[in-house]
Amino acid sequence: MHDARALIDMGAEAVRRLDRRGYFLDLSRLEDLQSRRNQNIRAADELRAESKRVAGEVQRTAKQGGDISELKDRARELKDQIREIDAGQEQVQEELRELLLTIPNLPDETAPDGDSDEFAVEVRRVGTPPTFSFEPKDHVDLGEATGILDFARATKLSGPRFAVSRGAGAALERALATLFLDIHTRRHGYIEHGVPYLVTRKTMTGTGQLPKFEEDLFRTGTADRDLFLIPTAEVPLTNLYADEIIPPADLPLALTAHTPCFRSEAGSYGRDTRGLIRQHQFSKVEMVRIVDPQTADAELETMVGHAETCLKELGLAYRVVRLAAGDTGFSAQLTYDIEVWIPSQNTYREISSVSNFGTFQARRANIRTRGEDGKPRLVATLNGSGLPIGRTLAALLEQCQQQDGSLVLPESLFPYLGFRRISADGTPEA
């Protein structure tokens, strides 16, 4: 969320920057609401000062035995006026808040122009995409042929866009999650957390999922409690520090968690609805960093490297791209996508997004630290996938497939699996 005054002071520059991401900032409406808010505050302060003066005069006149009827009438009149202004102020304040909650973050100037992945700028490629002497199968055919994935039974249980893993497939999912957590906690210094999978509306608002993206969420509740299934561990991890002041010595904070994620994927019809790429439920290891705003740019590069480490450990070919301003998520200033090679599609596909949110989420969630002067100030937040289990499994199956239908797995997974190969009939083999 933005500081209204900051946007107004930026004026045309704020309009220009938000236009880069396809958002029209109604600056005149923002200025009107801010002006009405300030006028109400001044008027209420003046009336309260007058009310205090009249109350003192009532006491003095009463002690002197004078007539206080007119003064009491004036005191009641002032109280009515204050209540009326306060009610109007609440309405203006809510209108201003609702407007600010819908304004996306200002894109970083280093984000290229454009509104789709076609305008992303490639930063680097790592690894060589595998070549095959046969027509490579996609992960769905591989998973079903070996019996380690079962989409039909998942559909029977829950409808489309769910998956069941089985045998070596379930072991692979568990191994990937543990490998990623070990990388982040033992090498990169993240603290692992177990967090709730159901969170409040306030929590969802803190990281920017609400109010704009409610249709993308699964909502539930009990009695009078309104709860949402988390779309990513970013939500509970970041909001752990909502309404808190973090001691400067504790920064940066590095948090990670492996959780299920739930997304309705509203509007995602036809694209990637087959297989593990775009599902209603999937699991993911998430990374969150809470840092001093002055170090946020460097921290972003660090986080990208942390996500890349996971792919390097698996020997998967991938590339890193910088997203265009108009293709960057609502809350982010700048996002790097890491795209893994998918042989069946003969292209790179997004497997991790790593974003710098600046102080945008911190203002919404009221997460602060203290400056050198001791006064509270906002922190910066960042997050990234490190990595999603389903998409990683899809890339792994496709890049590791053999002509006979078997799968030769990366050596890094052996300590977690106890086998190096999955035969064409799904049997684990050492």
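Predicted model, so just to flag it, every value in this text is computed and none were measured. (Residues numbered from 1 in each chain as written. Predicted model: local features only at pLDDT ≥ 70, side-chain atom pairs only at ≥ 80, totals over all residues. Heavy atoms only, no water.)

Trainee: Pulling in residues and values, what's your account of the side chain of threonine 335?
Mentor: Inspection of the secondary structure assignment puts threonine 335 in strand β12 (residues 334-342). Judged by relative accessible area, threonine 335 falls into the buried class, the value being 3%. Separated by 2.7 Å, the side chains of threonine 335 and serine 355 make a polar contact. With near-sequence residues (within four places) excluded, threonine 335 lies in contact with Val321, Arg322, Leu323, Thr328, Ser353, Val354 and Ser355. (Helix = DSSP H or I, 4+ residues; strand = E, 2+ residues; numbered from the N terminus. Buried < 20%, exposed > 50% of the residue type's maximum accessible area, 1.4 Å probe, protein only. Polar contact = N/O pair within 3.5 Å; in protein donor to acceptor, adjacent residues only side chain to side chain. Contact = heavy atoms within 4.5 Å.)

Trainee: I'd like a rundown of the environment of threonine 347, residues and numbers included.
Mentor: By the element assignment, threonine 347 lies in strand β13 (residues 347-356). Assessed through its relative accessible area of 30%, threonine 347 is described here as partly exposed. Excluding anything up to four places from it in sequence, threonine 347 contacts Val340, Trp341 and Ile342.

Trainee: Describe helix α5 (residues 139-146), listing the residues and the values that go with them.
Mentor: By the burial criterion, the buried members of α5 are His139, Val140, Leu142, Gly143 and Thr146. Relative to the axis of α5, the buried residues are bounded by an arc of 165° and lie together on one face. In this structure, the buried side of α5 is in contact with β2 (149-150), α6 (151-158) and α12 (389-399). Of the residues that open α5, the one with a side-chain oxygen 3.2 Å from the backbone nitrogen of valine 140 is aspartate 138. Positive phi appears at glycine 147, one or two residues downstream of α5, with a value of about 85°. (Arc of directions from axis to C-beta.)

Trainee: An account of the side chain of glutamate 286 is needed here, citing residue identities and associated values.
Mentor: Position of glutamate 286 relative to the elements: it lies in strand β10 (residues 281-291). For glutamate 286, the side chain forms a polar contact with the side chain of threonine 232, separated by 3.4 Å. For glutamate 286, the side chain forms a polar contact with the side chain of lysine 284, separated by 2.5 Å. Those residues within four positions of glutamate 286 in sequence are excluded, and the remaining contacts are Thr232, Ala233, Glu234, Leu237, Leu255, Thr256, Ala257, Asn383, Gly384, Ser385 and Gly386.

Trainee: Before we move on, can you summarise unusual backbone geometry with the specific residues and values?
Mentor: Omega for the bond connecting leucine 251 with proline 252 falls within 30 degrees of zero, at 0°, which places this linkage in the cis form. Note on placement: proline 252 falls in the loop between β8 (244-245) and β9 (253-262). In this structure, the amide linkage connecting glycine 386 to the following residue, leucine 387, adopts the cis form with an omega of 10°. Mapped onto the fold, leucine 387 is located in strand β16 (residues 380-388). Non-glycine residue aspartate 243 carries a positive phi angle of around 60°. Mapped onto the elements of the fold, aspartate 243 is located in the loop between α9 (234-239) and β8. For aspartate 243, a relative accessible area of 43% puts it in the partly exposed group. Residue asparagine 366 is not a glycine yet carries a positive backbone phi of 60°. Within the secondary structure, asparagine 366 is located in the loop between α11 (360-365) and β14 (367-370). Residue asparagine 366 is classed as partly exposed on the basis of its relative accessible area, which comes to 27%.

Trainee: If you had to explain the packing of aromatic side chains to someone new, which residues and values would you point to?
Mentor: Across all of its chains, the model carries 4 aromatic pairs by this definition. For the pair phenylalanine 330 and phenylalanine 360, a centre-to-centre distance of 5.8 Å together with 75° between the ring planes defines the contact as edge-to-face. Taken together, the positions of phenylalanine 330 in the loop between β11 (318-322) and β12 and phenylalanine 360 in helix α11 put the pair 30 residues apart, joining distant regions of the chain. Judged by its relative accessible area of 9%, phenylalanine 330 is buried. (Phe/Tyr/Trp six-rings, centres within 6.5 Å; stacked < 30°, edge-to-face > 60°.)

Trainee: Please set out the sheet that holds β14 residue by residue, giving values where relevant.
Mentor: Read from one edge of the open sheet, 3 strands run β8-β14-β15, paired in mixed fashion. At either margin of the open sheet sits one strand with a lone partner, and together these are β8 and β15 (376-378). Judged from the 3 bridges that link them, β14 and β15 form a sheet pairing that is antiparallel. Across the sheet, residue arginine 370 finds its bridge partner in β15, namely proline 376. (Pairing = 2+ DSSP bridges.)

Trainee: Pulling in residues and values, what's your account of α12?
Mentor: Burial of α12 is extensive: 11 of the 11 residues sit out of reach of the surface. Buried within α12 we find Ile389, Gly390, Arg391, Thr392, Leu393, Ala394, Ala395, Leu396, Leu397, Glu398 and Gln399.

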